Amino acid sequence: TCMFSALLIDACTAFGTGLFEPFSHYRVSFNYIFVVDPFYTLPMLGSFIALLILKRKSNKRTWWNMLGLGISTAYIVFTFINKINTNILVVKNFSDKKIALQ
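A few points on the structure. Just so you know, these numbers come straight off a predicted model, no measurement behind them.

Concerning the packing of helix α2 (residues 38-53) against helix α3 (residues 60-96)
1) Next: Their axes nearest at 8 Å, the elements α2 and α3 cross at an angle of 175°. With respect to their mutual orientation, α2 and α3 come out roughly antiparallel. Contacts between α2 and α3 involve Phe39, Tyr40, Pro43, Met44, Ser47, Ala50 and Leu51 on the former and, on the latter, Arg61, Trp64, Asn65, Gly68, Leu69, Ile71, Ser72, Tyr75 and Ile76.
2) Next: The residue makeup of the contact of α2 with α3, split by class, is 11 nonpolar, 4 polar and 1 charged.

Structure, rendered in structure tokens:
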């Protein structure tokens, strides 16, 4: 699952990822987060540091893990919904002004 989640996150960036390599050089890109996005990375980094500090048998480790993953996942979902709403608004505004989209 780690490999597929990394590929999915890479596909969400503007740079994209080559999911079909070596059969095709087409890069899959949904273009709704930055390649290095601090709002996605910092919650996971914070939970990672907390996990390094806490003892192995601590019950707080699960909480920190879920917190970091939860905030990062919520941010990805927010940016995806925001991208869809922005695209709908742009298409509507362009059609109202009779501007052709390519």
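Read on, since the account is not over.
Quick notes on the environment of Ser24
1) Next: Position of Ser24 relative to the elements: it lies in the loop between α1 (2-11) and α2.
2) Next: A polar atom in the side chain of Ser24 sits 3.2 Å from the backbone nitrogen of Tyr26.

Things to note about the side chain of Asp37
1) Next: Note on placement: Asp37 falls in the loop between α1 and α2.
2) Next: The buried charged residue Asp37 lacks any salt bridge, with Lys83 as its nearest oppositely charged partner at 13 Å.
3) Next: Within the structure, the side chain of Asp37 is placed 3.1 Å from the backbone nitrogen of Phe39, a separation counted as a polar contact.

A word on the nonpolar core
1) Next: One finds Cys12, Tyr32, Ile33, Tyr40, Tyr75 and Ile76 forming the largest nonpolar core, which totals 6 residues.
2) Next: Contacts of Cys12, omitting those with residues within four sequence positions, involve Phe30, Asn31, Tyr32 and Ile33.

Some words on a nonpolar patch on the surface
1) Next: A surface patch of nonpolar side chains, about 640 Å² in accessible area, is lined by Leu42, Leu45, Phe48, Ile49, Leu52 and Ile53.
2) Next: The partly exposed category is assigned to Leu45, whose relative accessible area is 42%.

Considerations on the packing of aromatic side chains
1) Next: Counted under the stated rule, the structure contains 3 aromatic pairs.
2) Next: On the numbers, 5.9 Å between centres and 40° between planes, the contact of Phe39 with Tyr75 is tilted. With Phe39 in helix α2 and Tyr75 in helix α3, this residue pair connects regions lying 36 residues apart in the sequence.
3) Next: Overall, the relative accessible area of 58% leaves Phe39 in the exposed class.
4) Next: With a relative accessible area of 19%, Tyr75 lands in the buried category.

Some thoughts on α3
1) Next: With 37 residues, α3 ought to run about 54 Å at 1.5 Å a step, and its terminal C-alpha atoms sit 53 Å apart, in line with that.
2) Next: By the burial criterion, the buried members of α3 are Gly68, Ser72, Tyr75, Ile76 and Thr79.
3) Next: Elements in contact with the buried residues of α3: α1 and α2.
4) Next: Remark: Lys98 follows α3 within two positions and exhibits a positive phi of approximately 60°.

The rules behind each value
- Residues numbered from 1 in each chain as written.
- Predicted model: local features only at pLDDT ≥ 70, side-chain atom pairs only at ≥ 80, totals over all residues.
- Heavy atoms only, no water.
- Axes fitted to C-alpha atoms, helices over the stretch in contact; angles between N-to-C directions.
- Helix = DSSP H or I, 4+ residues; strand = E, 2+ residues; numbered from the N terminus.
- Parallel < 35°, antiparallel > 145°, perpendicular 65-115°, else oblique.
- Contact = heavy atoms within 4.5 Å.
- Nonpolar A, V, L, I, M, F, W, Y, C, P; charged D, E, K, R; others polar.
- Polar contact = N/O pair within 3.5 Å; in protein donor to acceptor, adjacent residues only side chain to side chain.
- Buried < 20%, exposed > 50% of the residue type's maximum accessible area, 1.4 Å probe, protein only.
- Lys, Arg positive; Asp, Glu negative; His and termini not counted.
- Salt bridge = Lys/Arg side-chain N within 4 Å of Asp/Glu carboxyl O.
- Core = buried A, V, L, I, M, F, W, Y, C linked by side-chain atoms within 4.5 Å.
- Patch = residues over 30% accessible without salt bridge, like charges linked within 9 Å, V, L, I, M, F, W, Y side chains within 5 Å.
- Areas by Shrake-Rupley, 256 points an atom, 1.4 Å probe, with all protein chains shown as cover.
- Phe/Tyr/Trp six-rings, centres within 6.5 Å; stacked < 30°, edge-to-face > 60°.
- Expected span 1.5 Å × (residues − 1).

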